[in-house]
Protein chains: 2
Amino acid sequence: MTAPLQNDLFLRALLRQPTPRTPLWMMRQAGRYLPEYRATRAKAGSFLKLCMNPELACEVTLQPLDRYRLDAAILFSDILTVPHAMNVGLEFEAGEGPKIARPVRTAADIDKLPVPDPEGELRYVMDAVRLIRRELRGRVPLIGFAGSPWTVGTYMVEGGGSKNFQHIKGMLYGAPRELHRLLDVITRATLAYLNAQVAAGAQAVMVFDTWGGALTPADYREFSLRYMKRIVDGVTRESEGRRVPVILFTKGGGQWLADMADTGCDALGVDWTTDLADARRAVQDRVALQGNLDPSALYAPPAEIRAQVARVLESYGKGHGHVFNLGHGIHPDVPPEHALAMVEAVHELSPQYHG
Amino acid sequence: MTAPLQNDLFLRALLRQPTPRTPLWMMRQAGRYLPEYRATRAKAGSFLKLCMNPELACEVTLQPLDRYRLDAAILFSDILTVPHAMNVGLEFEAGEGPKIARPVRTAADIDKLPVPDPEGELRYVMDAVRLIRRELRGRVPLIGFAGSPWTVGTYMVEGGGSKNFQHIKGMLYGAPRELHRLLDVITRATLAYLNAQVAAGAQAVMVFDTWGGALTPADYREFSLRYMKRIVDGVTRESEGRRVPVILFTKGGGQWLADMADTGCDALGVDWTTDLADARRAVQDRVALQGNLDPSALYAPPAEIRAQVARVLESYGKGHGHVFNLGHGIHPDVPPEHALAMVEAVHELSPQYHG
């Protein structure tokens, strides 16, 4: 039924198996920096409608693959689909970021939260996964994803993006049991959601912990990492006769990489504030590493982008287990030809680190 | 002429000398969370006018000392006074943050930048320092400060606050020599500025590197730390017969503390994402440490604030060389009585770690 996978470099690198070169993809590769993405989004009418339309979500997922020699596709979606299905009233206001109409701040609010059925309220995501797999025709593997419970929780409690995390930190310090109950229900919802993505065809899964870096080390372990470990423990690790690798990424988590590797995940995303040589030493090659070009390096002229790619490859050094990526999502105002310079440089420069 | 210093705990702790308890102050202690500050600011008419009026700047500098048992005063001012005096056209728009009318982006822009005379265009700052010292009458020492050259440079190049640092990173990766020339002139201006503050009466100086954490490790060393070291090397280290300690603070710099200690500074500010026990191990007690309660912990009820203060004191552990502080500036929406709970807890709980 499913076309055989033609390029499995990404999956092999995540399992630290030999590859002839370093595979790569870009966080937010289906995004606003691409004119074809902006056209499809305009057609959809809004960001949320784009997420909820499997045909259009599939279309934008495939766009960067038609432009660049990338080694993975990532489901076009958003980490807030889960709270959306938990009835908190999500909206994306133009230029304003996400807004949640009914923030979750009390025990009664938490009691009301359902664990959504991934093939019910979230069926549009699973339909997108199925459609993308069909349309990919085995070109490259498809990555499924979710936000970390802590990160999703920050939006649910704050009612949107936040700088100081007033409400959730008030809860963390003042009512930690309630916060644990909230994180528990988000974790159960997220596990069901990720497992349904794998059942629908996702071949690797990534957990995005965008705001774990806002915590103290002790709070990170208690309120973010603990729940990511539950996801690592509970997510389906084999599908279609292959291992499904799990990648954890905490932005600003460079000091906690060894703790993250202890969860039993297969790979860690690393942002650009940590040198990959240091990261590799910290995890002692127990997991693969994914990263970590500064996304703002793509503002530089192409020749300099190539030099920066070389620096990242050199920092990881010889050996397998490196997936090249940006250290965070590509910025919306980066010229597409600058991303091309990065992609081509990885293809040209990485074989010398393998073989 | 000057009243003798009655409380030198802060200065002694910065030099890792014995103290009977842990001294403390709060970053942004003269700030919007205090109603008396808001009243004075309203009287001044704007934030910039408040900075530029020595009498009112003195008034707000002293306000937190009248409310709380703090061990240091910090000059009320802003890190952007230096670029303001370099004629880039600084304005603070209400609720918008700083805006710079003439961003510095070309070699010609850089050529035009003067090194301001601290007793000329910046005399209002030195007058504030002199007035505050007189009005303090030796109660506690006065901290002078400046932004790090990299951090000040981000505002000058971007034209205000930034998320992705598009322009300065474009320069860093695409025209690094120009950026070095810019950082050089900012460094010379900053050194003259800090030395004039010491001459006017500042008894310790702190360099705020708010945006160093946005850099890769290699870029941090080349574009931020290198210039902070020039400041450490060039700043007056003795005044009024006492050592003038220098504190460096890079927000998000937890991975680079050992490199920072190598500059020869006396103390490092540490944000809340690094455990002080780890920080102490990293710097091997070569420098004092200042920090690091999560500023958002002050959203918790007072009893929990006390528990969090205990956790920070315990993480530093026994021995001298700790100045208690928040890990970043106090948030404007924190109730003043929550800050009081923190201050009192440090007084009550810290003596057991000394003596």
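Residues numbered from 1 in each chain as written. Chains lettered and ligands numbered in written order. Predicted model: local features only at pLDDT ≥ 70, side-chain atom pairs only at ≥ 80, totals over all residues.

Enquirer: Please provide a residue-by-residue account of the overall build of chain A, values included.
Expert: On a plain count of helices and strands, chain A comes out with 15 helices and eleven strands. At 19 Å, chain A has a C-alpha radius of gyration in line with the 20 Å of a compact globule built from 355 residues. Summarising its shape, the C-alpha atoms of chain A cover approximately 60 × 45 × 40 Å along the three principal directions. By the burial criterion, 55% of the 355 residues in chain A qualify as buried. A sequence separation of at least 24 residues applies to 72% of the contacts in chain A between residues at least 6 apart. (Helix = DSSP H or I, 4+ residues; strand = E, 2+ residues; numbered from the N terminus. Rg over C-alpha atoms; globule rule 2.2 N^0.38 Å. Buried ≥ 20, exposed ≤ 12 C-beta atoms within 10 Å, placed from the backbone. Contact = placed C-beta atoms within 7 Å.)

Enquirer: Help me get a handle on helix H10 (residues 176-200) of chain B, residues and values and all.
Expert: An ideal rise of 1.5 Å per residue puts 36 Å on 25 residues; H10 of chain B measures up with 35 Å between its terminal C-alpha atoms. The positive-phi residue at the C-terminal boundary of H10 of chain B is Gly201 of chain B, with phi of around 135°. (Expected span 1.5 Å × (residues − 1).)

Enquirer: Please give an account of helix H7 (residues 123-136) of chain A that cites residues and values.
Expert: A turn of α-helix holds 3.6 residues, and therefore any two residues three or four places apart point the same way. End to end, H7 of chain A covers 20 Å across 14 residues, agreeing with the expected 20 Å (1.5 Å per residue, within 8%). Considering only its buried residues, H7 of chain A is in contact with helix H4 (54-67), strand E1 (73-74), helix H5 (81-85), strand E4 (142-147) and helix H10 (176-200) of chain A.

Enquirer: Run through the sheet that holds strand E10 (residues 288-293) of chain A, naming residues and quoting values.
Expert: The pairing of strands in a sheet comes from backbone hydrogen bonds and takes either a parallel or an antiparallel form. All names here are of chain A. If you walk across this open sheet you meet the seven strands as E1-E4-E5-E8-E9-E10-E11, and the pairing is parallel. Each edge of the open sheet is held by one strand with a lone partner, namely E1 and strand E11 (322-326). Bridge count for strand E8 (residues 246-250) against strand E9 (residues 267-269) is three bridges, and the pairing is parallel. The partner of Leu248 across the bridge, within E9, is Leu268. Across the face of the sheet, H7 comes into contact with E1 and E4 while running at roughly 155° to E4. (Pairing = 2+ DSSP bridges. Axes fitted to C-alpha atoms, helices over the stretch in contact; angles between N-to-C directions.)

Enquirer: Give a detailed account of the packing of H10 of chain A against helix H11 (residues 217-234) of chain A, specifying residues and quantitative values.
Expert: Residues and elements named next belong to chain A. At a minimum axis separation of 10 Å, H10 and H11 run at an interaxial angle of 30°. Taken together, H10 and H11 sit at an angle that is classed as roughly parallel. Considering how the two elements wind past one another, H10 and H11 form a crossing that is right-handed. Contacts between H10 and H11 involve Leu179, Leu183, Thr187, Thr190, Leu191 and Leu194 on the former and, on the latter, Phe223, Tyr227, Arg230, Ile231 and Gly234. Classifying every residue of the contact of H10 with H11 by side-chain character gives seven nonpolar, three polar and one charged. (Parallel < 35°, antiparallel > 145°, perpendicular 65-115°, else oblique. Left-handed = near helix turned anticlockwise from the far one by under 90°. Nonpolar A, V, L, I, M, F, W, Y, C, P; charged D, E, K, R; others polar.)

Enquirer: Explain the relation of the copies chain B and chain A to me, and be specific about the residues and the numbers.
Expert: The transformation that overlays chain B on chain A combines an axial shift of 0.0 Å with a rotation of 180°, and the residual RMSD is 0.0 Å. Taken together, these values place the two copies in the relation of a two-fold axis. Minimal C-alpha distance to the rotation axis in chain B is attained by Gln255 of chain B, lying at 3.4 Å. Most of the interface of chain B is mirrored in chain A, where 100% of its interface residues again form contacts. (Least-squares fit on C-alpha atoms with pLDDT ≥ 70 in both.)

Enquirer: Describe the interface of chain B and chain A, and please don't skip the residues or the numbers.
Expert: The partner chain A presents 27 residues to the 27 residues of chain B that form the contact. No other element matches the five residues that helix H9 (residues 166-174) of chain B contributes to the side of chain B that touches chain A. Considering only residue class, the side of chain B that touches chain A consists of eight nonpolar, 14 polar and five charged.

Enquirer: Please provide a residue-by-residue account of the pairing of strand E4 (residues 142-147) of chain B, values included.
Expert: All names here are of chain B. Most of E4 sits inside the fold, with six of its six residues counted as buried. Residue alternation in E4 divides its side chains into two sets, Leu142, Gly144 and Ala146 and Ile143, Phe145 and Gly147, and both sets are buried. When strand E1 (residues 73-74) meets E4, the two strands line up parallel, connected through two bridges. Looking at the pairing, Ala73 lines up with Leu142 of E4. Here E4 runs beside strand E5 (residues 204-209); their pairing, made up of five bridges, is parallel. Looking at E5, one finds that Ile143 is bridged to Ala204.

Enquirer: I'd like a rundown of the environment of Cys51 of chain B, residues and numbers included.
Expert: All names here are of chain B. Checked against the element boundaries, Cys51 lands in helix H3 (residues 47-52). When the 23 C-beta atoms within 10 Å are taken as the criterion, Cys51 is described as buried. In sequence terms Cys51 and Asp78 are 27 residues apart; their C-alpha atoms lie 7.1 Å from each other. Ignoring any residue separated from it by four or fewer positions in sequence, one finds Cys51 in contact with Ala57, Ser77, Asp78 and Thr81.

Enquirer: So what about the environment of Ala282 of chain A? Which residues, and what values?
Expert: Residue and element names in this part refer to chain A. Tracing the backbone shows Ala282 in helix H13 (residues 276-283). On the basis of neighbour counts, which here come to 20 C-beta atoms within 10 Å, the residue Ala282 falls in the buried class. Ala282 sits 231 residues away from Cys51 along the chain, and the two C-alpha atoms are 37 Å apart. Ignoring sequence-local partners within four residues, the contact set of Ala282 consists of Leu257 and Ala258.

Enquirer: Before we move on, can you summarise the sheet that holds E1 of chain B with the specific residues and values?
Expert: Residues and elements named next belong to chain B. Read from one edge of the open sheet, seven strands run E1-E4-E5-E8-E9-E10-E11, paired in parallel fashion. Each end of this open sheet is capped by a strand with a single partner; those strands are E1 and strand E11 (322-326). The pairing of strand E9 (residues 267-269) with strand E10 (residues 288-293) spans three bridges and is classified as parallel. The residue bridging Leu268 from the neighbouring strand is Leu289, located in E10. Each of E10 and E11 is contacted by helix H14 (residues 302-316), which is oriented at about 155° to E10, the strand it contacts most.

Enquirer: Tell me about the nonpolar core, residues and numbers included.
Expert: Judged by nonpolar contacts, the single largest core of 249 residues is most densely connected at Ile143, Val205 and Leu268 of chain A together with Ile143, Val205 and Leu268 of chain B. With sequence-adjacent residues up to four places away left out, Leu268 of chain A is seen in contact with Ile247, Leu248, Phe249, Leu257, Met260, Ala261, Val283, Val287, Leu289 and Gln290 of chain A. (Core = buried A, V, L, I, M, F, W, Y, C linked by C-beta atoms within 7 Å.)

Enquirer: Any details on the pairing of E10 of chain B? Residues and values, ideally.
Expert: Residues and elements named next belong to chain B. Taking burial as the measure, the six residues of E10 include six buried ones, the bulk of the element. Remark: the E9/helix H13 (residues 276-283)/E10 crossover connection has right-handed handedness. Where E10 meets E11, five bridges bridge the pair, whose relative direction is parallel. Looking at E11, one finds that Gly291 is bridged to Phe324. After leaving E10, the chain enters H14 and then returns to the sheet as E11, a path that is right-handed. (Right-handed = clockwise from strand over helix to strand, strands pointing away.)

Enquirer: Residues and numbers for the packing of helix H8 (residues 149-158) of chain A against helix H9 (residues 166-174) of chain A, please.
Expert: Residues and elements named next belong to chain A. The contact between H8 and H9 brings their axes to 7 Å, and the two run at 110°. As far as their axial angle goes, H9 and H8 are roughly perpendicular. Of the residues in H9, those touching H8 at Gly153, Thr154, Val157 and Glu158 are His167, Ile168 and Met171. Grouping the amino acids of the contact of H8 with H9 by side-chain chemistry returns three nonpolar, three polar and one charged.

Enquirer: Any details on the confidence of the model for chain A? Residues and values, ideally.
Expert: Per-residue pLDDT for chain A has a mean of 97; in total, 100% of the residues score no lower than 70. If you check the scores for this complex, the pTM reads 0.96 and the ipTM reads 0.94. (pLDDT = per-residue confidence, 0-100.)

Enquirer: A description of the environment of Val246 of chain B should follow, citing residues and the corresponding values.
Expert: All names here are of chain B. With respect to the helices and strands, Val246 occurs in strand E8 (residues 246-250). C-alpha of Val246 to C-alpha of Val346: the two residues are 100 residues apart in sequence and 23 Å apart in space. Contacts of Val246, omitting those with residues within four sequence positions, involve Val205, Val232, Val235, Cys265 and Asp266.

Enquirer: Quick rundown of unusual backbone geometry? Include the residues and the values.
Expert: All names here are of chain A. In this chain, Gly291 is followed by Asn292 through a cis amide linkage whose omega measures -5°. By the secondary structure assignment, Asn292 is in strand E10. The phi dihedral of Arg28 falls on the positive side, at around 60°, and the residue is not glycine. Note on placement: Arg28 falls in the loop between helix H1 (9-14) and helix H2 (35-44).

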